[in-house]
Amino acid sequence: MQLAIQNIKKIPEPNIWEPKKDDFFYDIKLETDDGKIIYGHKVVLASACQYFNAMFTNFEEKDQDLVIMRQLNSSALQLFVDFMYFEEIMVTEKNVQLIKAVAYLG
C-alpha cells in the first residue's frame, strides 16, 4: 500500500519560545533596574541555570511571578535568557560587556 500526498504546503512551525508579552503560559517576569521586563518559564530557566534553579526552588521567589533582578540591565539579562532558550549567543564588540555582566549567573 502506498499513500501519495500532493499539493500540500508546509505550514511554518511557530516558534514556541518567541517572547509574547500577552502569553499566559509564561510564569515568571524578571524586572531589571532599567524597568524593563523579561518574560520566561521557570522550568526552562531553572533547568538551564543553577542560579535560577536555586531561586525557584529554595527561596521566596519560587512563589512569585515577578522577580526584581538588581544590578542588571535588560539588554544583558535578555541576552542571557535567550542563551538559555536557544543555547547559542552571538558575541560582538558591542555586547561582550553585557555578557560579562551576567556571566556570574551561569
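Our subject is the structure that appears above.
In what follows, the accompanying structure is described. (Residues numbered from 1 in each chain as written. Predicted model: local features only at pLDDT ≥ 70, side-chain atom pairs only at ≥ 80, totals over all residues. Heavy atoms only, no water.)

### Quick notes on the overall build of the chain
Check the secondary structure of the chain and you find four helices and three strands. When the elements of the chain are put in sequence order from the N terminus, they spell out β-β-α-α-β-α-α. By residue count, 27% of the 106 residues in the chain fall in the buried class. Long-range pairs, those at least 24 residues apart, make up 54% of the contacts in the chain with a sequence separation of at least 6. Of the accessible surface of the chain, which amounts to about 8200 Å², a share of 53% is contributed by carbon and sulfur atoms. (Helix = DSSP H or I, 4+ residues; strand = E, 2+ residues; numbered from the N terminus. Buried < 20%, exposed > 50% of the residue type's maximum accessible area, 1.4 Å probe, protein only. Contact = heavy atoms within 4.5 Å. Areas by Shrake-Rupley, 256 points an atom, 1.4 Å probe, with all protein chains shown as cover.)

### Notes on helix α3 (residues 74-86)
If you check α3, its first and last C-alpha atoms are 18 Å apart, about what 13 residues at 1.5 Å a residue would give, namely 18 Å. Among all positions of α3, only S74, A76, L77, F80, V81, M84 and Y85 are buried. Where α3 is buried, its residues meet β1 (28-32), β2 (37-40), α1 (42-48), α2 (50-58), β3 (66-69) and α4 (96-102). Where α3 begins, one side-chain oxygen reaches toward the backbone nitrogen of S75, 3.0 Å away; that side chain belongs to N73. Following α3 by one or two positions, E87 has its phi on the positive side, about 60°. (Expected span 1.5 Å × (residues − 1). Polar contact = N/O pair within 3.5 Å; in protein donor to acceptor, adjacent residues only side chain to side chain.)

### Points about the pairing of β1
Along β1, the buried face is formed by I28, L30 and T32; none of K29 and E31, which line the opposite face, is buried. Where β1 meets β2, four bridges bridge the pair, whose relative direction is antiparallel. The partner of K29 across the bridge, within β2, is Y39. The turn joining β1 and β2, which pair antiparallel and follow one another in sequence, is formed by four residues; a positive phi near 85° is taken by G35. Here four bridges tie β1 to β3, and the two strands are oriented parallel to one another. Bridge pairing in β3 links L30 to V67. (Pairing = 2+ DSSP bridges.)

### Quick look at the side chain of E61
Inspection of the secondary structure puts E61 in the loop between α2 and β3. Here E61 sits buried without a salt bridge, and the closest side chain of opposite charge, K42, lies 9.0 Å off (N-O distance). Not counting the four nearest positions on each side in its chain, E61 is found in contact with K42, M55, F56 and V67. (Lys, Arg positive; Asp, Glu negative; His and termini not counted. Salt bridge = Lys/Arg side-chain N within 4 Å of Asp/Glu carboxyl O.)

### As for the nonpolar core
Formed by 22 residues in total, the largest nonpolar core has its most connected members in L30, L45, F52, F56, M69, L77 and V81. Ranked by residues supplied to this core, first place goes to α3 with six residues. With residues up to four places along the chain from it excluded, the contact list for M69 reads L30, E31, T32, D33, Y51, F52, M55 and L77. (Core = buried A, V, L, I, M, F, W, Y, C linked by side-chain atoms within 4.5 Å.)

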